[in-house]
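So you can see what is in the structure, the chains are spelled out below.
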There are 2 protein chains.
Amino acid sequence: MTKVILTKKQKELIEHVGIFFEHQGFPPAVARIFGLLLVSDKLELSFEEIYSSLNISKSAASNAINLLLNTNKIEYITKPGDRKRYFKVRIDQWEKMIKERFQGFSSYISLIQEIHDQRTKNTKAFNSSLKDLIGFLTFMSTEFPMLYEKWRKSKK
Amino acid sequence: MTKVILTKKQKELIEHVGIFFEHQGFPPAVARIFGLLLVSDKLELSFEEIYSSLNISKSAASNAINLLLNTNKIEYITKPGDRKRYFKVRIDQWEKMIKERFQGFSSYISLIQEIHDQRTKNTKAFNSSLKDLIGFLTFMSTEFPMLYEKWRKSKK
DNA sequence: TTATTAGTTCGTATATAACAGAACTAACAG
DNA sequence: CTGTTAGTTCTGTTATATACGAACTAATAA
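Here the residue numbers are simple positions, counted from 1 along each chain's written sequence. The lettering of chains begins at A and the numbering of ligands begins at 1, in the order of writing. For a predicted model such as this one, the threshold for reporting local features is a pLDDT of at least 70, and the threshold for listing and counting side-chain atom pairs is 80 or more; totals across whole chains, interfaces and linings nevertheless cover every residue. The side-chain quantities take in all heavy atoms of the structure and omit both hydrogens and water.

Novice: Please explain the overall build of chain A as it appears in this structure.
Specialist: Helix and strand definitions here come from DSSP, where helices need a minimum of 4 consecutive H or I residues and strands a minimum of 2 consecutive E residues; each element is numbered from the N-terminal end. Each helix and strand in chain A was counted, giving 6 helices and 3 strands. Going residue by residue from the N terminus, the α and β elements of chain A occur as α-α-β-α-α-β-β-α-α. Relative to the globule expectation of 15 Å for 156 residues, the C-alpha radius of gyration of chain A, 22 Å, shows a markedly less compact shape. Principal-axis analysis of the C-alpha atoms places the extent of chain A at approximately 70 × 40 × 30 Å. Partly exposed residues are those whose accessible area sits between 20% and 50% of the maximum for their type, while under 20% is buried and over 50% is exposed, using a 1.4 Å probe and protein chains only. Counting all 156 residues of chain A, 46% fall into the buried class. Contact definition: two residues touch when any of their heavy atoms are within 4.5 Å. Taking the intrachain contacts of chain A between residues at least 6 apart in sequence as the baseline, contacts between residues at least 24 apart amount to 47%. Carbon and sulfur atoms make up 53% of the accessible area of chain A, which totals about 8,500 Å². Charge assignment: positive for Lys and Arg, negative for Asp and Glu; neither His nor the chain ends contribute. Taken as the charge location is NZ of Lys, CZ of Arg, CG of Asp or CD of Glu. Each charge class in chain A was averaged separately, 26 positive and 17 negative side chains, and the resulting centres sit 1 Å apart. Atoms counted for the radius of gyration: C-alpha only. Globule rule: 2.2 Å times residue count to the power 0.38. Here the Shrake-Rupley method, with its probe set to 1.4 Å, supplies the accessible areas, and only the displayed protein chains count as covering residues.

As structure tokens, then:
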């Protein structure tokens, strides 16, 4: 029972983060583990610390951790002469996550384009709204990388 | 059985659109109905046309349509001396949908802020990455409205 | 060689989402 | 009044997601 010590506030925040990530489509246990790793004072937690701190089963923890590893949300480190793995948030990957959110646009664009292309020509106003939408999303997806550069420079 | 006539290509596209909206979190039947209304030559479809064209039950259609109405994805019109309602996509609402996508950022920001504020001060690098992330998202959420204006002007 | 540790895998229970079908309701039509 | 239409609500079924717990495995330790 190598639990991580957590204040009441931290426990509440883990639930809060958990619910947030559930809304993003993660299963409850996955979302809690991610929350724990974000909130805990200790950044690198062992398998046992994770499942015992959250009162979830080993199997649930195993599956959840593997999901988080596979989607690059977390990674693990090892220590010489220690068989355990220590899991931590891949905070370095946040840029990628944000970009993925924008990437969503491009599949949105091609879907709407596909709809537009097969539509009857008789519904002019509707088709032109679709065109508008495509135009806007295309504009956004070209502007976004520039905006990103702008921010990167302003940071220095 | 007042089915809408659909080409094979249109039927396929409805499924394609359906799967896309399933990924966005809509139930299958809801996603199909939305797909049908986007793809069909006829823009305004009656209750019966919808459920019979998609081979879904009346109850499924009723619930799905109400969900789409409640979330402003569709609306309906009526015709004098005709008790039916004719449902159509609220294409005018697409701007709002995009904005909602960005609105998501602000709740993301406040969550990360909350995590950052309660963290131990001992994990400097990690905390500073969180700060970076907050800075970037804040930057994006202020720049977005400007970008939107830029597009609107360029359109005219 | 035996025990322990660090996880994984498998079978099972539980909850819930999604839909079908039938019964129902409200409005209007004849 | 009686029937019909347009849609809703209720009940039951099925499929799937999630997690538990126990058995298992592979590596190290003693």
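Novice: Sorry if this is basic, but what is going on with helix H1 (residues 8–23) of chain B here?
Specialist: Here the expected span of a helix is defined as 1.5 Å times the quantity of residues minus one. Helix length check: H1(B), at 16 residues, gives a terminal C-alpha distance of 23 Å against a target of 22 Å (1.5 Å per residue), a fit within 8%. Listed as buried for H1(B) are B:Gln10, B:Leu13, B:Ile14, B:Val17, B:Gly18, B:Phe20 and B:Phe21. Down the axis of H1(B), the buried set is contained in an arc of 165°. They therefore lie on one face. Residues B:Lys8 and B:His23 are exposed on H1(B) and point more than 90 degrees away from its buried face. Those residues of H1(B) hidden inside the fold are in contact with helix H5 (94–118) of chain A together with helix H2 (28–39) and helix H3 (47–54) of chain B. Looking one or two residues beyond H1(B), the residue adopting positive phi is B:Gly25, at roughly 105°. Directions are taken from the helix axis to each C-beta atom, and the arc is the one they span.

Novice: Honestly, the protein's contact with DNA strand D in this entry has me stumped. Any pointers?
Specialist: Close to DNA strand D lie 17 residues; A:Ser57, B:Lys58, B:Ser62, B:Arg83 and B:Lys84 are nearest. Residues are counted as near a molecule or strand when any one of their heavy atoms sits within 4 Å of it. Close to the protein, within 4 Å, the atoms of DNA strand D belong to sugar or phosphate groups at a rate of 59%. By the criterion applied in these results, polar contacts are pairs of N or O atoms within 3.5 Å in which, for protein atoms, one can donate a hydrogen and the other can accept it, and in which residues neighboring in sequence qualify only through two side-chain atoms. B:Lys58 places a side-chain nitrogen or oxygen 2.6 Å from a base nitrogen of DNA strand D. Take B:Arg85: an N or O atom from its main chain is 2.9 Å from a phosphate oxygen of DNA strand D. At the level of elements, helix H2 (28–39) and helix H4 (58–70) of chain A together with helix H4 (58–70) and strand S3 (82–89) of chain B are the ones that each hand at least two residues to the surface near DNA strand D. A per-element tally of the surface near DNA strand D places H4(B) first, with 4 residues. Gly counts as polar in this scheme, as do all residues outside two lists: the nonpolar Ala, Val, Leu, Ile, Met, Phe, Trp, Tyr, Cys and Pro, and the charged Asp, Glu, Lys and Arg. Looking at the surface near DNA strand D, its residues break down into 6 nonpolar, 6 polar and 5 charged.

Novice: Explanation requested: the interface of chain B and chain A in the structure shown.
Specialist: Note: interface size is frequently given as the accessible area lost on complex formation between the parts. With 46 residues of chain B at the interface, the matching set in chain A holds 46 residues. When the two sides are added together, the surface that chain B and chain A hide from each other amounts to roughly 4,800 Å², 76% of it contributed by carbon and sulfur. Criterion for a salt bridge: a side-chain nitrogen of Lys or Arg within 4 Å of a carboxyl oxygen of Asp or Glu. Taken together, the links from chain B to chain A amount to 4 salt bridges. B:Lys150 is paired through a salt bridge with A:Glu143; the nearest N and O atoms lie 3.3 Å apart. Of all the secondary structure elements, the ones that give two or more residues to the side of chain B that touches chain A are H1, H2, helix H5 (94–118) and helix H6 (124–155) of chain B. Looking at the side of chain B that touches chain A, the element that brings in the most residues is H6(B), giving 17 residues. We define buried area as the total accessible area lost by two parts upon association, computed with a 1.4 Å probe and summed across both.

Novice: Got a minute to help me understand the domain arrangement of chain A in this structure?
Specialist: Where each domain begins and ends follows an automated or database-derived domain assignment. Domain annotation for chain A reports domain 1 (8–89) and domain 2 (94–155). Here the C-alpha centroids of domain 1 of chain A and domain 2 of chain A sit 34 Å apart.

Novice: What is the right way to read the packing of H5(A) against H5(B) from this model?
Specialist: Helices that pack against each other are described as a pair by the angle of their axes relative to one another and the distance between those axes. Only the stretch in contact is used when fitting a helix axis, every axis being a line fitted to C-alpha atoms; angles between N-to-C directions are given from 0 to 180 degrees. Where H5(A) contacts H5(B), the two axes come as close as 13 Å, and the packing angle between them is 170°. In this view, H5(A) runs roughly antiparallel relative to H5(B), as classed from their interaxial angle. Packed against H5(A), whose contacting residues are A:Met97, A:Ile98, A:Arg101, A:Phe102, A:Gly104, A:Phe105 and A:Tyr108, the element H5(B) presents B:Met97, B:Ile98, B:Arg101, B:Phe102, B:Gly104, B:Phe105 and B:Tyr108 at the interface. In what follows, roughly perpendicular refers to angles from 65 to 115 degrees, roughly parallel to angles under 35, roughly antiparallel to angles over 145, and oblique to any angle outside these ranges.

Novice: Any chance you could explain the sheet that holds strand S1 (residues 45–46) of chain B here in plain terms?
Specialist: What links the strands of a sheet is backbone hydrogen bonding, and the strands pair in either a parallel or an antiparallel sense. Residues and elements named next belong to chain B. Two strands form a pair only when DSSP identifies at least two bridges running between them. An order of S1-S3-S2 is seen for the 3 strands of this open sheet, with the pairing classed as antiparallel. The open sheet has two edge strands, S1 and strand S2 (74–79), and neither has a second partner. H2 contacts S1, S2 and S3 of the sheet and is inclined by roughly 90° relative to S3. Against the sheet, H4 engages S2 and S3, with an angle of about 105° to S2.

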